[in-house]
Amino acid sequence: MADGPIPMEETGAGEEIRPPLTAEEFEAQPEFAHFKTVMKRLLAVPKSALDRKVRRAKKRSPRAGNPNAPGRKPKVVSS
């Protein structure tokens, strides 16, 4: 083992640590503005297209018509 202190460039010691950003500072960053723009475009799906995809998924579901399929709630019998 080496005697003496470990050089700073090996440990990363002495690096300046900045305080975390506030919400306002974070939202003002250009990277966040780009992220918001991309996500809005990605998530903007017309309702008609979404409804069509949901209907198609329900028809193709292996659980369709099977009351004992996983995820189905048991029917409550009223007395």
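Residues numbered from 1 in each chain as written. Predicted model: local features only at pLDDT ≥ 70, side-chain atom pairs only at ≥ 80, totals over all residues. Heavy atoms only, no water.

(A) Structural detail: the overall build of the protein. On a plain count of helices and strands, the protein comes out with four helices and zero strands. Reading the helices (α) and strands (β) of the protein from amino to carboxyl end gives α-α-α-α. The buried share of the protein, taken over its 79 residues, is 4%. Roughly 8,300 Å² of accessible area belongs to the protein as shown, and the carbon and sulfur atoms make up 58% of that amount. (Helix = DSSP H or I, 4+ residues; strand = E, 2+ residues; numbered from the N terminus. Buried < 20%, exposed > 50% of the residue type's maximum accessible area, 1.4 Å probe, protein only. Areas by Shrake-Rupley, 256 points an atom, 1.4 Å probe, with all protein chains shown as cover.)

(B) Looking closely at a nonpolar patch on the surface. Together, Val45, Leu50 and Val54 give the surface a local cluster of nonpolar side chains, amounting to about 240 Å² of exposed area. Among the secondary structure elements, Val54 is positioned in helix α4 (residues 47-60). (Patch = residues over 30% accessible without salt bridge, like charges linked within 9 Å, V, L, I, M, F, W, Y side chains within 5 Å. Salt bridge = Lys/Arg side-chain N within 4 Å of Asp/Glu carboxyl O.)

(C) Highlighting the packing of aromatic side chains. A full pass over the atoms with the stated rule returns two aromatic pairs. On the basis of an interplanar angle of 50° and a centroid distance of 4.9 Å, the ring pair of Phe26 and Phe32 is categorised as tilted. An aromatic cluster is defined as three or more aromatic residues linked by ring pairs; in this entry it consists of Phe26, Phe32 and Phe35. (Phe/Tyr/Trp six-rings, centres within 6.5 Å; stacked < 30°, edge-to-face > 60°.)

(D) Representation of the pattern of salt bridges. Scanning the model with the defined rule gives one salt bridge in all. Notably, a salt bridge pairs Lys47 with Asp51, separated by 3.0 Å at the nearest N-O pair. You can see Lys47 and its partner Asp51 sitting in helix α4, four residues apart, about one turn around the helix. Overall, Lys47 belongs to the exposed group, its relative accessible area being 61%. On the basis of relative accessible area, Asp51 is assigned to the partly exposed category, the value being 29%.

(E) Region of the structure containing helix α3 (residues 30-43). Here α3 is 14 residues long and its end C-alpha atoms lie 20 Å apart, about the 20 Å a rise of 1.5 Å per residue gives. Of all 14 residues that make up α3, one are buried, and the element is exposed over most of its length. (Expected span 1.5 Å × (residues − 1).)

(F) Layout of a positive patch on the surface. A cluster of basic residues, Arg52, Lys53, Arg55, Arg56, Lys59 and Arg60, forms a positive patch at the surface. Its place among the elements puts Lys59 in helix α4. Judged by relative accessible area, which is 73%, Lys59 ranks as exposed. (Lys, Arg positive; Asp, Glu negative; His and termini not counted. Charge placed at Lys NZ, Arg CZ, Asp CG, Glu CD.)

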